[in-house]
Amino acid sequence: MKLAVFIILDQFADWEGAYLSTQLNQSKDWQVAYASNQDQVSSIGGLQVKPQYQLTTIPEKVDLLVLIGGNSWQLENEKFKMLLKQRLLDGQPVTAICGAVDFMAKNGLLNTYRHTGNSLALWTDFSEYHNQQQFLEAQVVSDRNLVTANGTATLEFTRQVLKLVHFSESVDQELDLYQLGFYQYVEKYGNPFA
């Protein structure tokens, strides 16, 4: 079984990983787990989560690492930074949305990738970030083993992450249900309940 580990810090944006975790967790081929720097974290929406792992105890064999945004990505953790750097160098899937992309920029982890984020203007004081020319004003950017997204791109982020890990050939159709809404979905694909 493949393992996806979602990194959630206190005051994480619960909506940013909801579609992705649901898709993965409903598959017989995937298991979803959570990691943080605390024993329990609260989302912006008030969800209480007890992560299975600490940032320092994430298993070596992880098939997908997902960094969920929120209000606490001012994190200073050299070991976690090195874990991300090594995964990127090894070609292992790393994905980040919203504030988590800010963390990656601040730590120089986007310097060899095309990427996006909430705003390039937020990163002007990041001394380790040297790749403004490959920042794209887009909802989501997928480049090799990295997917980045701004905080308003939940569905697009989910779609690109699932494509990155070759989740299903019907990813577009499955997510169109939420993107289009039920009745436009029925017009395009037919009624799944008929």
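Before reading further, recall that the structure is shown in the block above.
Residues numbered from 1 in each chain as written. Predicted model: local features only at pLDDT ≥ 70, side-chain atom pairs only at ≥ 80, totals over all residues. Heavy atoms only, no water.

1. Section: the packing of helix 1 (residues 18-25) against helix 4 (residues 154-164)
Cut-off, in case you're wondering: A fitted line through C-alpha atoms represents every axis, and for helices the fit uses only the stretch in contact; the resulting angles, taken between N-to-C directions, go from 0 to 180 degrees. Runs of E in the DSSP output that reach at least two residues are strands. Runs of H or I that reach at least four are helices, and both are numbered from the N terminus. By the convention used here, residues are in contact when the closest approach between their heavy atoms is within 4.5 Å. Each residue gets one of three labels, nonpolar for Ala, Val, Leu, Ile, Met, Phe, Trp, Tyr, Cys and Pro, charged for Asp, Glu, Lys and Arg, and polar for the others, Gly among them.
Two elements in contact, helix 1 and helix 4, have axes whose closest approach is 8 Å; the angle formed by their N-to-C orientations is 35°. Side by side, helix 1 and helix 4 meet where Tyr-19, Leu-20, Gln-23 and Leu-24 of the first sit next to Thr-154, Leu-155, Phe-157, Thr-158, Val-161 and Leu-162 of the second. Considering only residue class, the contact of helix 1 with helix 4 consists of seven nonpolar, three polar and no charged.

2. Quick notes on the packing of aromatic side chains
This is how the line gets drawn: Planes of paired rings set the category: under 30 degrees apart is stacked, over 60 is edge-to-face and the rest tilted, where pairs are Phe, Tyr or Trp rings (Trp by its six-membered ring) whose centres lie within 6.5 Å. Three labels apply to residues, based on accessible area from a 1.4 Å probe with only protein chains included: buried if under 20% of the type maximum, exposed if over 50%, partly exposed otherwise in between. Put simply, a charge is over a ring when the Lys NZ or the Arg CZ is close to the ring centre, within 6 Å, and near the line of the ring normal, within 35 degrees.
What the rule picks out here adds up to 10 aromatic pairs. Aromatic side chains Phe-80 and Phe-103 sit 5.8 Å apart centroid to centroid with 35° between the ring planes, which places their arrangement in the tilted category. In this pair, Phe-80 is assigned in helix 2 (residues 78-89) and Phe-103 in helix 3 (residues 99-106), connecting sequence segments 23 residues apart. The class for Phe-80 is buried, based on a relative accessible area of 1%. A centroid spacing of 4.8 Å and a plane angle of 40° characterise the contact between Tyr-185 and Tyr-189, whose relative ring orientation is tilted. Here Tyr-185 pairs with Tyr-189, and both are found in helix 6 (residues 182-189), just four residues apart, close to one helical turn. What makes Tyr-189 partly exposed here is its relative accessible area of 31%. Grouped by ring-pair contacts, the aromatic residues Trp-73, Phe-80 and Phe-103 constitute a single cluster. The ring of Tyr-113 has Arg-144 sitting right over it, with the charged end atom 4.1 Å from the ring centre.

3. Describing the nonpolar core
Put simply, the rule reads: As used here, the term nonpolar core means buried Ala, Val, Leu, Ile, Met, Phe, Trp, Tyr and Cys residues forming a set that is joined through side-chain atoms within 4.5 Å.
By size, the foremost hydrophobic cluster in this structure holds 31 residues, and its most contacted members are Ile-7, Leu-67, Trp-73, Phe-80 and Met-104. Residue contributions to this core peak at five residues, all from helix 3. Excluding residues within four positions of it along the chain, Phe-80 makes contact with Ile-7, Leu-55, Ile-58, Leu-67, Trp-73, Leu-75 and Phe-103. If you look at the next biggest cluster of nonpolar residues, it comprises 28 residues, including Leu-24, Ile-68, Leu-162 and Val-171.

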